[in-house]
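Analysis of the macromolecular model
Below are the chains, spelled out letter by letter.
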Amino acid sequence: LVSECIKAGIAGIRIDDQAIEGKRITGAAGMEVVSIKNAIARYRAAVDMKNELDPNFVIMSHCYARNALGGSLDDTITRMKAYLEEGGVDWVQFEYPHSLDEVKRARAEIDGVFSFLKGGLGRILSLQEHMDLGVNIAWYAPITHRVSWASMWRFMRDYNKRDILAFEDFMAEHEKDGFPDAMDVGPDGEGIEKQRMLEERYFPPEMLGKYK
């Protein structure tokens, strides 16, 4: 997996410590993690591959132990420290803190790159609140997911009622927003301009008549 990600040009990967056969989403009941020795072996193998192919590739350990069967804060902290120190990962993430005190304790005991999910905190913390906790990485994936889902849901309900007029009104409303267009790729990207540039470089003249 690490080898394929590096060869595909991906910058990093998140690997968790759940049992693969019964993997659950964040906060789900019935969660189990593999033994700490098994998890360390998993991370060591991933880190060895990254060091062989691309030392700049980032491997983050996502620790699910807090809410897993038999889990505890002590076990979670022990695991995250071991994943950094023995597994060699670049970064550990605390999957489900139950309180700010748990985040503070974990941050105090873990010497390395550390982040946490919202978990049982009740809300997503601000960037300043992260900094106040001594945490300089904010895991904000749910924000973009939910904004995208809500926007698409709202639009599709409107489209169901008004057909293509819904799209025309949407584009008119957002005309000046400057949001990216997937079809608008500059010459440095892998778009039509780049395709033509490569064809003009490698095709003989008789194959370029299509551009006239």
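Now for a description of the structure that goes with this document. Residue positions are given per chain, counted from 1 along the sequence in the order it is written. Since the coordinates come from a predicted model, pLDDT governs what is reported: local features require at least 70, and pairs of side-chain atoms require 80 or more to be given and counted, while whole-chain, interface and lining totals use all residues. No hydrogens and no water enter the side-chain calculation; it runs on all heavy atoms of the structure.

This brings us to the side chain of H62. Counting from the N terminus, the helices are the DSSP runs of H or I reaching at least four residues and the strands are the DSSP runs of E reaching at least two. Locating H62 in the fold gives a position in strand β2 (residues 58-63). Relative accessible area decides the class of each residue, using a 1.4 Å probe on protein chains only: under 20% of the type maximum gives buried, over 50% gives exposed, and in between gives partly exposed. In this structure H62 comes out as buried when scored by relative accessible area, which is 0%. Within polar-contact distance, the side chain of H62 engages the side chain of Y64 at 3.4 Å. Beyond its immediate chain neighbours, meaning those up to four positions away, H62 contacts R14, I15, D16, D17, T26, Y43, Q93, E95 and L117. Two N or O atoms count as a polar contact when they lie within 3.5 Å, although within protein this holds only if one can serve as hydrogen donor and the other as acceptor, and sequence-adjacent residues are included solely when both atoms are side-chain atoms. For this analysis, residues touch if any pair of their heavy atoms sits within 4.5 Å.

What follows concerns the environment of F170. Tracing the chain through its elements places F170 in helix α7 (residues 164-173). In this structure the C-alpha to C-alpha distance between F170 and D158, which are 12 residues apart in sequence, comes to 9.9 Å.

In this structure, the largest pocket spans a volume of roughly 480 Å³. What lines the largest pocket is a set of 24 residues, and nearest its centre among them are T26, L117, K118, W139 and P142. In terms of residue count, the dominant contributor to the lining of the largest pocket is helix α6 (residues 141-162) (6 residues). Class assignment of the residues belonging to the lining of the largest pocket gives a composition of 14 nonpolar, 4 polar and 6 charged. Throughout, the protein atoms alone are placed on a 1 Å grid, and a set of points is a cavity if a 1.4 Å probe fits but cannot get out or a pocket if it is open with protein on both sides within 12 Å along at least five of seven lines; lining residues have an atom within 4 Å of a point. Grid points are joined across faces, edges and corners, and a volume is the space filled by probe spheres set on the points. Space inside the second largest pocket adds up to approximately 190 Å³. Of all the secondary structure elements, the ones that give two or more residues to the lining of the second largest pocket are α6 and α7. Considered class by class, the residues forming the lining of the second largest pocket number 6 nonpolar, 3 polar and no charged. Residues are grouped as follows: Ala, Val, Leu, Ile, Met, Phe, Trp, Tyr, Cys and Pro are nonpolar; Asp, Glu, Lys and Arg are charged; every other residue, Gly included, is polar.

On to the nonpolar core. One finds I59, M80, Y83, V89, V92, F114 and F116 to be the most contacted residues of the largest nonpolar core, which totals 33 residues. The biggest single contributor to this core is helix α3 (residues 73-85), with 6 residues. Ignoring sequence-local partners within four residues, the contact set of F114 consists of M80, W91, V92, F94, V103, A106, R107, V135 and I137. What makes a nonpolar core is a set of buried Ala, Val, Leu, Ile, Met, Phe, Trp, Tyr and Cys residues whose side-chain atoms join them at distances within 4.5 Å.

Right, let's get into the sheet that holds strand β4 (residues 114-116). Spatially, 4 strands are ordered β1-β2-β3-β4 in an open sheet, and the strand pairing comes out parallel. For this open sheet the edge positions go to β1 (12-16) and β4, each flanked by a neighbour on one side alone. Across the sheet, the mean angle separating the axes of adjacent strands is 25° when strand polarity is ignored. The pairing of strand β3 (residues 91-94) with β4 spans 3 bridges and is parallel. Within the sheet, the bridge partner assigned to Q93 lies in β4 and is S115. Contacting β3 and β4, helix α4 (residues 100-109) runs over the sheet at an angle of about 165° to β4. At least two DSSP bridges between two strands are required for those strands to pair. Orientation is described by lines fitted to C-alpha atoms, with helices fitted over the stretch in contact, and by angles between N-to-C directions that extend from 0 to 180 degrees.

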